[in-house]
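Okay, here's what each chain looks like letter by letter:
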Amino acid sequence: MENPLLLFPQLNISASKDKSYYKVMKSTIKEEPHKASKAGAKQKRNRLSLLLQKSEFHEGDHVGKPGNTTKATSVSPEEAVKWGESFDKLLSEKAGLDAFTKFLKTEFSEENIEFWIACEDYKKSKTAHELLPKAKTIYETFIQKDAPKEVNLDFQTKEVTSQNIEQPIITTFDAAQNTVYRLMEQDSYPRFLRSDPYLNLVKGRNPSRPALRRRSRSFTVNDFKGVRPDFTVW
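Treat the numbers as computed from the prediction; the structure is a model and nothing was measured.

Moving on, we get to the side chain of S125. Structurally, S125 is set in the loop between helix 5 (110-122) and helix 6 (128-143). Among the polar contacts made by the side chain of S125, one reaches the main-chain carbonyl oxygen of Y122 at a distance of 2.8 Å. For S125, the side chain forms a polar contact with the side chain of K134, separated by 3.3 Å. In contact with S125, not counting residues within four places along its chain, are E130, L131, K134 and I170.

Quick look at the structure:
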């Protein structure tokens with residue numbers, strides 16, 4: 001009696017060593033590489049097509065990721081020119097305030113404008129009950145020694161503000177806010193007006209949308225017309 005041929009020991013599947021079985025297996029083995037070859041060639045053609053599409057334009061990356069950035073505000077050159085009339089005019093417009101804040105972040109001095117904004121919000125408090133928690137937060141964030149965002153205040157202004165923090169009123173931070181305002185107006189504001197982002201706005205350019213660069217002539221679609229790619233190098 002002929003011993004069966006054990007095909008898959010792990011599955012306990014066996015078959016007799018007859019010619020018909022080996023003929024089927026032989027044709028199957030030949031067909032599998034052929035299918036794999038066709039699938040591989042198709043995949044390589046798709047990769048080449050995608051590569052050609054990507055080579056058409058080289059775009060600059062946008063700053064930030066979707067979801068954590070807001071849509072850029074469209075600012076006309078006329079509006080940007082008005083920001084140069086006065087520092088107060090710049091801060092009175094939301095787009096101007098945003099642009100100035102971004103500029104200060106490049107100089108690592110955004111704590112000044114953040115303190116000014118916090119003081120503006122503080123003065124909008126409608127009840128005395130709102131003043132104390134807000135005053136404490138502002139003091140601990142911007143004024144006290146070694147605060148995480150400590151602003152540059154003279155000794156007298158800091159002392160007066162510290163003494164009034166226990167019983168805050170609407171004008172508690174006025175002296176400190178005015179000091180920081182003058183610092184930004186005399187120091188940071190002139191540099192902002194000379195900065196590239198501001199000058200681009202005045203000239204009607206949108207810095208949030210980088211211009212597309214010309215596609216490389218060393219790698220274009222026309223260069224591949226009539227050329228059969230060699231996939232052996234892949």
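Don't stop here, the text continues.
The next point concerns helix 4 (residues 94-106). Between its terminal C-alpha atoms helix 4 stretches 19 Å, which fits the 18 Å expected from 13 residues at 1.5 Å a residue. Elements in contact with the buried residues of helix 4: helix 2 (77-83), helix 3 (87-92), helix 5 and helix 8 (174-194). Residue F108 follows helix 4 closely and has a positive phi angle near 60 degrees.

Attention now moves to helix 5. An ideal rise of 1.5 Å per residue puts 18 Å on 13 residues; helix 5 measures up with 18 Å between its terminal C-alpha atoms. Contacts made by the buried residues of helix 5 are with helix 3, helix 4, helix 6 and helix 8.

Attention now goes to the packing of helix 4 against helix 8. The geometry of helix 4 relative to helix 8 is characterised by a closest axis approach of 10 Å and an angle of 95 degrees between their N-to-C directions. Of the possible angle classes, the one that applies to helix 4 and helix 8 is roughly perpendicular. For the pair helix 4 and helix 8, contact is made by A99, F100, F103 and L104 and by M184, S188, Y189, R191 and F192, respectively. Looking at the contact of helix 4 with helix 8 residue by residue, the class counts come to seven nonpolar, one polar and one charged.

About the criteria used
Residues numbered from 1 in each chain as written. Predicted model: local features only at pLDDT ≥ 70, side-chain atom pairs only at ≥ 80, totals over all residues. Heavy atoms only, no water. Helix = DSSP H or I, 4+ residues; strand = E, 2+ residues; numbered from the N terminus. Polar contact = N/O pair within 3.5 Å; in protein donor to acceptor, adjacent residues only side chain to side chain. Contact = heavy atoms within 4.5 Å. Expected span 1.5 Å × (residues − 1). Axes fitted to C-alpha atoms, helices over the stretch in contact; angles between N-to-C directions. Parallel < 35°, antiparallel > 145°, perpendicular 65-115°, else oblique. Nonpolar A, V, L, I, M, F, W, Y, C, P; charged D, E, K, R; others polar.

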